[in-house]
Amino acid sequence: MNVDSAIDWDEIFEYLPGTVVELKNNPGVLHQIDYYETTMVPPIWLVNDPRPRYPHELQIVSRRDIQVCDIGSQLVTF
């Protein structure tokens, strides 16, 4: 079995670390995604929340503070 075929890459990139979300059953209380663990069900861990979450439990509020890659630290010389 090819493990990559079971990974939902679109979901991983939708729920990146740093994304601000709220729980649908507790609107108004903001949380930040700590990490997405592909081997766990449910896969999404929030900062300071001991329980992992499913995507359908979350509403994305903001992706503003997400740092996908650190371009500023790359030194390019010619």
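Look a little higher up for the structure.
Residues numbered from 1 in each chain as written. Predicted model: local features only at pLDDT ≥ 70, side-chain atom pairs only at ≥ 80, totals over all residues. Heavy atoms only, no water.

Draft legend 1. Representation of the overall build of the protein in the model. Looking only at helices and strands, one finds one helix and four strands in the protein. Listing every helix and strand of the protein by position from the N terminus yields α-β-β-β-β. The buried share of the protein, taken over its 78 residues, is 35%. For the protein, long-range pairs separated by at least 24 residues make up 42% of all intrachain contacts whose partners lie at least 6 apart in sequence. With the model as given, the accessible surface of the protein reaches about 5,900 Å², and the carbon-plus-sulfur share is 54%. (Helix = DSSP H or I, 4+ residues; strand = E, 2+ residues; numbered from the N terminus. Buried < 20%, exposed > 50% of the residue type's maximum accessible area, 1.4 Å probe, protein only. Contact = heavy atoms within 4.5 Å. Areas by Shrake-Rupley, 256 points an atom, 1.4 Å probe, with all protein chains shown as cover.)

Draft legend 2. Broad picture of the sheet that holds strand β1 (residues 20-23). Here we have four strands laid out as an open sheet, ordered β3-β2-β1-β4, and antiparallel in their pairing. If you trace the sheet from one side to the other, it starts and ends with β3 (44-46) and β4 (58-62), each paired once. The mean angle between the axes of side-by-side strands here comes to 50°, regardless of whether they run parallel or antiparallel. Of the pairings in the sheet, the one linking β1 to β4 comprises four bridges and is antiparallel in character. (Pairing = 2+ DSSP bridges. Axes fitted to C-alpha atoms, helices over the stretch in contact; angles between N-to-C directions.)

Draft legend 3. Region of interest: the pairing of β1. Alternating positions in β1 separate into two faces, Val20 and Glu22 on one and Val21 and Leu23 on the other, with burial throughout. Of the strand pairs in this sheet, β1 and strand β2 (residues 30-36) are connected by three bridges, and their pairing is antiparallel. By the bridge assignment for β2, glutamate 22 is matched with leucine 30. As consecutive antiparallel partners, β1 and β2 are separated by six residues, and within that stretch glycine 28 has a phi angle of approximately 95°, a positive value.

Draft legend 4. View of the nonpolar core. In this structure, Ile7, Ile12, Tyr15, Val21, Leu23, Ile33, Tyr36, Ile44, Leu46, Leu58 and Ile60 together form the largest nonpolar core, which totals eleven residues. For this core, the secondary structure elements donating two or more residues are β1, β2, β3 and β4. (Core = buried A, V, L, I, M, F, W, Y, C linked by side-chain atoms within 4.5 Å.)

Draft legend 5. Summary view of the side chain of glutamate 11. On the secondary structure map, glutamate 11 appears in helix α1 (residues 9-14). Glutamate 11 has contacts with Tyr36, Pro43 and Pro55, leaving out every residue within four places of it along the chain.

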